[in-house]
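# Summary of structural features
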Amino acid sequence: MSEPGLPPGPPGLPTTAAPALAADLYAVLGNPVAHSRSPFIHARFAAQTGQAVRYDRVLAPLDGFEDAVRAFAAAGGRGCNVTVPFKFAACALAARRSERAELAQAVNVLRLDGPAAGGWFGDNTDGIGLVRDLEGNAGVVLRGCRVLLLGAGGAGAGVLGPLLAARPAELVLANRTPQRAAALVQRHRDWAGRHGARLAAAGLDEPGRGFDVVVNATSSSLGGAAAPVAPGALRPGSLVVDLMYGAAAQPFLDWARAHGALARDGLGMLVEQAAEAFHVWRGVRPDTAPVLAALRAEIEGGR
Ligand code: ATR
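How each quantity is defined
Residues numbered from 1 in each chain as written. Predicted model: local features only at pLDDT ≥ 70, side-chain atom pairs only at ≥ 80, totals over all residues. Heavy atoms only, no water. Buried < 20%, exposed > 50% of the residue type's maximum accessible area, 1.4 Å probe, protein only. Helix = DSSP H or I, 4+ residues; strand = E, 2+ residues; numbered from the N terminus. Arc of directions from axis to C-beta. Contact = heavy atoms within 4.5 Å. 1 Å grid on protein atoms, 1.4 Å probe; cavity = no way out; pocket = protein on both sides within 12 Å on 5 of 7 lines; lining within 4 Å. Points joined across faces, edges and corners; volume = space filled by probe spheres on them. Near = heavy atom within 4 Å. Polar contact = N/O pair within 3.5 Å; in protein donor to acceptor, adjacent residues only side chain to side chain. Areas by Shrake-Rupley, 256 points an atom, 1.4 Å probe, with all protein chains shown as cover. Sits in = over half its atoms within 2 Å of the grid points. Nonpolar A, V, L, I, M, F, W, Y, C, P; charged D, E, K, R; others polar. Pairing = 2+ DSSP bridges. Axes fitted to C-alpha atoms, helices over the stretch in contact; angles between N-to-C directions. Parallel < 35°, antiparallel > 145°, perpendicular 65-115°, else oblique. Left-handed = near helix turned anticlockwise from the far one by under 90°. Core = buried A, V, L, I, M, F, W, Y, C linked by side-chain atoms within 4.5 Å.

Every buried residue of helix α9 (residues 250-258) is accounted for by Phe252, Leu253, Trp255 and Ala256. Across the axial projection of α9, the buried residues extend over an arc of 155°, all falling on one side. In this structure, the buried side of α9 is in contact with β7 (146-150), β10 (213-216), β11 (239-242) and β12 (262-264). Remark: Gly260 follows α9 within two positions and exhibits a positive phi of approximately 85°.

The next thing to look at is the layout of surface pockets. Size it by volume and the largest pocket reaches roughly 1500 Å³. What lines the largest pocket is a set of 49 residues, and nearest its centre among them are Val84, Lys87, Ala155, Ser219 and Met244. Contributions of two or more residues to the lining of the largest pocket are made by β3 (77-82), α3 (87-93), α6 (154-165) and α10 (267-282). When residues in the lining of the largest pocket are grouped by element, the largest group, four residues, is from α6.

Let us look at the site of the ligand. Around the ligand there are 14 residues in total, and Ala155, Asn175, Arg176, Thr177 and Arg180 lie nearest to it. Note that an oxygen atom of the ligand is positioned 2.5 Å from one of the side-chain N or O atoms of Thr177. Protein contacts shield 73% of the accessible area of the ligand, which totals 650 Å² for the unbound molecule. Spatially, the ligand is embedded in the largest pocket. Broken down by class, the residue content of the shell around the ligand amounts to four nonpolar, eight polar and two charged.

Take the sheet that holds strand β6 (residues 120-123) next. Two pairing modes exist for strands in a sheet, parallel and antiparallel, and in both the strands are linked by backbone hydrogen bonds. Taken together, the six strands give an open sheet; going across it, the order is β2-β1-β3-β5-β6-β4, and neighbouring strands pair in mixed fashion. Unpaired on one side and paired on the other, β2 (53-59) and β4 (96-97) mark the two borders of the sheet. Looking at chain direction, strand β5 (residues 109-112) and β6 are connected through four bridges and run antiparallel. Residue pairing for β6: Val109 is matched across the bridge by Asp123. Across the sheet, helix α1 (residues 38-49) touches β1 (24-30), β2 and β3, and the angle it forms with β2 is around 170°.

Moving on, we come to the side chain of Asp126. Along the polypeptide, Asp126 turns up in helix α5 (residues 126-137). Here the side chain of Asp126 touches Asn108 through a polar contact of 3.1 Å, side chain to side chain. Beyond its immediate stretch of four places on either side in the chain, Asp126 contacts Lys87, Asn108, Val159, Met269 and Gln273.

Pairing is parallel across the open sheet formed by six strands, whose spatial order is β9-β8-β7-β10-β11-β12. Each edge of the open sheet carries a strand with a single partner, namely β9 (198-203) and β12. Neighbour to neighbour, the strand axes of the sheet diverge by 20° on average, direction disregarded. Packing of helix α7 (residues 178-187) onto the sheet brings it into contact with β8 (170-175) and β9, and relative to β9 it is tilted by some 165°. Here α9 sits on the sheet and contacts β7, β10, β11 and β12; the angle it forms with β11, its principal contact strand, is near 170°.

The residue after Asn31, namely Pro32, is reached through a cis peptide bond having omega 5°. Cis geometry is adopted by the peptide bond preceding Pro85, which originates at Val84 and carries an omega value of 0°. With respect to the helices and strands, the residue Pro85 is situated in the loop between β3 and α3. The phi dihedral of Gln105 is positive, around 55°, even though this residue is not glycine. With respect to the helices, strands and loops of the structure, Gln105 is situated in the loop between α4 (99-104) and β5. Even without glycine at this site, Arg167 takes up a positive phi of about 65°. Structurally, Arg167 can be placed in the loop between α6 and β8. Look at Arg167 and you get partly exposed, because its relative accessible area is 31%.

Quick look at the packing of α5 against α10 now. The contact between α5 and α10 brings their axes to 7 Å, and the two run at 120°. With respect to α10, the element α5 is oriented oblique. Seen from above, α5 lies across α10 with right-handed handedness. Of α10, the residues touching α5 (which contributes Asp126, Ile128, Gly129, Leu130, Arg132, Asp133 and Asn137) are Gly268, Met269, Glu272, Gln273 and Glu276. A breakdown of the residues in the contact of α5 with α10 according to their chemical character gives three nonpolar, four polar and five charged.

Right, let's talk about the nonpolar core for a bit. One finds Leu130, Leu142, Leu149, Leu163, Leu171, Leu173 and Val213 to be the most contacted residues of the largest nonpolar core, which totals 32 residues. Listing elements by their share of this core, those giving two or more residues are α5, β7, α6, β8, α7, α8 (189-194), β10 and β11. It is α6 that provides the largest number of residues to this core, a total of five residues. With sequence-adjacent residues up to four places away left out, Leu130 is seen in contact with Val159, Leu163, Val215, Val241, Leu243 and Met269. If you look at the next biggest cluster of nonpolar residues, it comprises 24 residues, including Val33, Leu270, Leu292 and Leu295.

Quick look at the structure:
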């Protein structure tokens, strides 16, 4: 499915209409991808910074991610965002990766460098996007905090490294399947030590109590499940963040508010991770505040 008013394109090819001739081509690749807000965000970044950027959506077949990337490059693509379920495939495809992408073992940004530089460079901007939203937009100082991260899947893996780099006193990674949390903690052990953060793995039934910041990176609300932890994990005034936004985030955020926490959805992180991607591609940092305000108005207006 493509956006209203836009012609549907075949899988693997851009689905939005062609704008200005001289613009460099970027896109978001995913499956599904019609819901993606990235074209909205990057169009505003490009206009704001005067960068000649065209940004499309590409529906990549579930069994054809690499072919879709190749076709996109052949069509002139210079870089792309990668979303569910291809972040691990993008990591494998990248010839070079940033340290944060190596830690996450997942890539949400690809940049096509010249042959001498090895082709596709892979990065992961999700975690730094979350940290910038928390510290820059929500005004939280993570340094010295006690942080609870719920979820050790792809989303949790993407944000763990940058959360630790913000130097919390303690970070507990809790997951329904505790072995998955333990494996991720093991991979980040040295990184946590380098940043002076105590790092521990736990199950959802015993994560600890009274955290300053609680980040929900599980997909539990998509299945209509209740909050994945007991309210004892919160304290009055805790900041609770769900990496999702809209209806998917609502039950968890309602639960958090009902227990005296401040609740924040993932829209700010979405815009901040996009700004970092824009910087990776273009070397320019857009101003995120007006774009976040416009996106929130657009989403709330569409309800
Ligand atoms: P994503 O890329 O969105 O992180 P994922 O890799 O499939 O998707 O991970 C989903 C996460 O949500 C996992 O941490 C999963 O827990 P398990 O590792 O035990 O599967 C978590 N999750 C999904 N449904 C859940 C539920 N009903 N309660 C608690 N955690 C849940």
